[in-house]
Amino acid sequence: MSAVEQRLAELGLELPAVAAPLAAYVPAVRSGAYVYTAGQLPLVDGKLTCTGKVGAEVTADEAKQLARTCVLNALAAVRSVVGDLDRVKRVVKVVGFVASAPDFTGQPAVVNGASELLGEVLGEKGVHARSAVGVAVLPLDAPVEVEIQVEVED
């Protein structure tokens, strides 16, 4: 077990199987020293645990937890490309999309769910640049979607 997966276990978490793509793309691609993930939805066993807009059908706290699930799926996608998450040198960028009710402005707090988990799991390697974007709708009516870029060591 890698040190990263051991840390996840200490937090009561484990990496899921890589989420199957919903269209014509792959979950992650490596280019040189970087791995770019596709946007990851909060799928658990291939299904969304809830749907709707944050600030309407989904609370900000629920969405923050969903962002954690998204980043677990993203880490699984990275592992599928590099084999071992201990090869992650650092998380470079996180982009979070939040399907928002028209008056919802708490996107940064929602995407903190992803950012905080990366910090808990990877420590200083998890510190990253980030965007948190409110959108009208996401695939399958998901409340949140997260993609990450990581630098890896050979």
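A brief report on the enclosed structure follows. (Residues numbered from 1 in each chain as written. Predicted model: local features only at pLDDT ≥ 70, side-chain atom pairs only at ≥ 80, totals over all residues. Heavy atoms only, no water.)

## A short note on the overall build of the protein chain
Assigned secondary structure in the protein chain consists of 3 helices and 7 strands. Radius of gyration (C-alpha) of the protein chain: 14 Å, near the 15 Å computed for a compact globule of 154 residues. Across its three principal axes, the protein chain shows a C-alpha extent of roughly 45 × 30 × 25 Å. Sorting the 154 residues of the protein chain into buried and exposed places 44% on the buried side. (Helix = DSSP H or I, 4+ residues; strand = E, 2+ residues; numbered from the N terminus. Rg over C-alpha atoms; globule rule 2.2 N^0.38 Å. Buried < 20%, exposed > 50% of the residue type's maximum accessible area, 1.4 Å probe, protein only.)

## Side note on the packing of helix α1 (residues 3-10) against helix α3 (residues 107-122)
The interhelical angle for the contact between α1 and α3, taken along N-to-C directions, is 115°, at an axis separation of 8 Å. Relative to α3, α1 is oriented roughly perpendicular. Facing V4, R7 and L8 of α1, the residues of α3 in contact are E120, V121 and L122. Looking at side-chain class alone, the contact of α1 with α3 contains 4 nonpolar, no polar and 2 charged residues. (Axes fitted to C-alpha atoms, helices over the stretch in contact; angles between N-to-C directions. Parallel < 35°, antiparallel > 145°, perpendicular 65-115°, else oblique. Contact = heavy atoms within 4.5 Å. Nonpolar A, V, L, I, M, F, W, Y, C, P; charged D, E, K, R; others polar.)

## A word on the sheet that holds strand β5 (residues 88-99)
Strand order in the open sheet formed by 5 strands is β1-β2-β7-β5-β6, with mixed pairing between adjacent strands. In the strand order of this sheet, the two ends are held by β1 (28-31) and β6 (129-135), each with one partner. Averaged over neighbouring strand pairs, the angle between their axes works out to 15° when direction is ignored. Pairing of strand β2 (residues 34-37) with strand β7 (residues 144-152) involves 3 bridges; the strand directions are antiparallel. Its bridge partner being in β7, V35 is matched across the sheet by V150. (Pairing = 2+ DSSP bridges.)

## Some thoughts on a nonpolar patch on the surface
A contiguous nonpolar patch, built from L22, Y25 and L140 and spanning about 290 Å² of accessible area, is present on the exposed surface. On the secondary structure map, L22 appears in the loop between α1 and β1. On the accessibility criterion, L22 (46% relative accessible area) is partly exposed. (Patch = residues over 30% accessible without salt bridge, like charges linked within 9 Å, V, L, I, M, F, W, Y side chains within 5 Å. Areas by Shrake-Rupley, 256 points an atom, 1.4 Å probe, with all protein chains shown as cover. Salt bridge = Lys/Arg side-chain N within 4 Å of Asp/Glu carboxyl O.)

## Re the layout of surface pockets
Within this model, the largest pocket holds a volume of roughly 340 Å³. Around the largest pocket, the lining comprises 17 residues; the ones closest to its centre are P16, L43, V44, D45 and N73. Contributions of two or more residues to the lining of the largest pocket are made by β3 (43-44) and α2 (60-82). No other element matches α2, which puts 4 residues into the lining of the largest pocket. Considered class by class, the residues forming the lining of the largest pocket number 11 nonpolar, 3 polar and 3 charged. (1 Å grid on protein atoms, 1.4 Å probe; cavity = no way out; pocket = protein on both sides within 12 Å on 5 of 7 lines; lining within 4 Å. Points joined across faces, edges and corners; volume = space filled by probe spheres on them.)

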